[in-house]
Amino acid sequence: MKIPNQETLQAWDDQHVWHPFTPHSVFREEEPLMVVSGEGNYLIDIEGRRLLDGVSSIWCNTFGHRNARIDAAIKEQMERISHATMLGNSTVPATILGKRLADLAPGDLTRVFYSDNGSTACEIALKMAYQYMHQRPDPKPEKKKFLALSNAYNGDTLGAVSVGGIDLFHERFRTLLFDVLRGPSPYAYRCDSCQGLSACGGGCLSEMERLMRAHAHELVGVIIEPGMQGAGGIITYPEGFLKGVRALCDELDILLICDEVAVGIGRSGYMFASEREGVVPDFICVAKMLTGGYIPVAATLTSEKVFEAFLGRPELGRTFFHGHTFTGNPLGCAAALAVLDIFEEENVLERLREVTIPKFEERLKALAHPNIGSVRSYGLGAGIELVADASTRRSFASSERRGMKVCRRARDLGVFLRPLSDVIVLMPPLSITNDEIDLLFDAVEKSIQNEFQG
Ligand SMILES: *Cc1c(COP(=O)(O)O)cnc(C)c1O
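Residues numbered from 1 in each chain as written. Predicted model: local features only at pLDDT ≥ 70, side-chain atom pairs only at ≥ 80, totals over all residues. Heavy atoms only, no water.

### Digging into the site of the ligand
Consideration 1: Close to the ligand lie N117, G118, S119, Y153, N154, G155, E225, D259, V261, A262 and K288, which account for all nearby residues.
Consideration 2: Backbone polar atom of G118 to an oxygen atom of the ligand: 2.8 Å apart, as the coordinates give it.
Consideration 3: In the environment of the ligand, an oxygen atom lies 2.5 Å from a nitrogen or oxygen atom belonging to the side chain of S119.
Consideration 4: Taken by itself the ligand offers 380 Å² of open surface, and the protein chains cover 83% of this.
Consideration 5: Tallied by class, residues from the shell around the ligand come to three nonpolar, five polar and three charged. (Near = heavy atom within 4 Å. Polar contact = N/O pair within 3.5 Å; in protein donor to acceptor, adjacent residues only side chain to side chain. Areas by Shrake-Rupley, 256 points an atom, 1.4 Å probe, with all protein chains shown as cover. Nonpolar A, V, L, I, M, F, W, Y, C, P; charged D, E, K, R; others polar.)

### Overview of the side chain of N41
Consideration 1: Relative to the helices and strands, N41 is located in the loop between β1 (35-39) and β2 (42-45).
Consideration 2: Of the residues examined, N41 reaches a relative accessible area of 7% and is grouped as buried.
Consideration 3: A polar contact is formed between the side chain of N41 and the side chain of E436, at a distance of 2.7 Å.
Consideration 4: Not counting residues within four places of it along the chain, the set of residues in contact with N41 comprises L51, L52, D53, G64, P429, S431, I432, T433 and E436. (Helix = DSSP H or I, 4+ residues; strand = E, 2+ residues; numbered from the N terminus. Buried < 20%, exposed > 50% of the residue type's maximum accessible area, 1.4 Å probe, protein only. Contact = heavy atoms within 4.5 Å.)

### A few points about the sheet that holds strand β16 (residues 423-426)
Consideration 1: With respect to topology, three strands assemble into an open sheet ordered β13-β14-β16, the strand pairing being antiparallel. Looking at which strands have only one partner, the edges of the open sheet turn out to be β13 (372-377) and β16. Strand-to-strand twist of the sheet, defined as the mean angle between neighbouring strand axes without regard to direction, takes the value 15°.
Consideration 2: As paired elements, β13 and strand β14 (residues 382-386) share five bridges and run antiparallel to each other. Across the sheet, the residue bridging to I372 is L386, located in β14.
Consideration 3: Packing of helix α14 (residues 348-365) onto the sheet brings it into contact with β13, β14 and β16, and relative to β13 it is tilted by some 170°. (Pairing = 2+ DSSP bridges. Axes fitted to C-alpha atoms, helices over the stretch in contact; angles between N-to-C directions.)

### Thoughts on the domain arrangement of the protein
Consideration 1: We note that the domain assignment places domain 1 (6-66 + 348-452) and domain 2 (72-345) within the protein.
Consideration 2: A separation of 26 Å is found between the C-alpha centroids of domain 1 and domain 2.
Consideration 3: Taken together, the contact between domain 1 and domain 2 spans 36 residues of the former and 38 residues of the latter.
Consideration 4: Here domain 1 meets domain 2 over a buried area of about 3000 Å², counting both sides, of which 61% is carbon and sulfur.
Consideration 5: A per-residue breakdown of the area domain 1 buries against domain 2 is headed by W59, Y378 and R393, which together make up 29% of the total.
Consideration 6: Linking domain 1 with domain 2 are one salt bridge.
Consideration 7: The partner of E385 in a salt bridge is R190, with the nearest N and O atoms 2.8 Å apart.
Consideration 8: The interface formed by domain 1 and domain 2 holds 17 residue pairs in polar contact (both at pLDDT 80 or more) in total. (Domains from an automatic or database assignment. Buried area = accessible area lost by both parts, 1.4 Å probe. Salt bridge = Lys/Arg side-chain N within 4 Å of Asp/Glu carboxyl O.)

Right under this line is the structure:
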């Protein structure tokens, strides 16, 4: 492929490409990067700038760009086959990956259903859980509803949007969506009862208990992002929240779906965040980090108990009628296998827990500025919430685009970032070094200082 010059590319981009989650009226003025290549934890743009990928290309790059082991695994697979269907059929990489994910997963999650992104991984869990209620040995077809939290984000397809709880993204589509019971977001900083405390006072779990007891007869399941709500603004849960929800699910015959699309595959310091939280869900959804951030492959893990409810002669209609063309793509599965090899052979989780995350947390703790309202983190992911007035927790007007502006400044200091409104998100590749953590935080501190000077 011959690469056109920068001007031509910009013109074509402006004329033809519609970008995701992007207000196009300000797209060009916010100076988007034109990425040409990557190298380790860095992006390289058309002007030859090298930028630390501080959000791992939207939270999915696990071990850097052009990682030699992942590259080699994909090339090796490409020389065998790049795609074959999994509908009634198997491929070698998807089979091996299924076995490895099942071995790694907490508890009795032995079944792996593939798709190709986080939204579909969640849709699949929702549909499986729903159908399960009709087909289990003691059917409960009156169980039809899901409970999801305010500020939840599970993707952009309509089922995922139905359980989503971010008004800015989801409210527009409300009449198209199925009805969901809405639980509280554990957003201590902006919670009426917690009043800016650093952790939830426990009211969230009580409210969950109230809702779950009142609606147990009609609840299929609860869908939760374990550890933290990601796109909602890196909102971390109080200690024991997920365990509490799991206990209620057990008691009240409700399924627990953990959307680990953001926090799964190492982000939390554990392979699965559920594991870190000491919980075995009925479903785990993984996507982003699974293939190293190379190729879209997602997986929905569930138990033998759920799987068995779908057995029976085909004419009984118990089959799960769902599947995507590129489900379990062999190149993606080969990449995922290389990722799991790296975790294992390079003791990644140990290094994360003992070296990288402590260093990351130490720098987070040292952040101080009058416009920083709240700093929240989970594993190797953090959110820094900027406010106009820290004493009243007053936000900036969204038109000020302060988060974007701070990230734009960080770029001039060698770091690529993308905020969630006025929350500066730090979500680097797991391969980030301690020196690169310093580069990341030095750039963030300086960018915040510069943005609010005078
Ligand atoms: C990104 C994300 C999704 C959606 O994944 P896509 O691959 O973008 O469809 C779902 N849930 C969570 C928690 C996410 O962070």
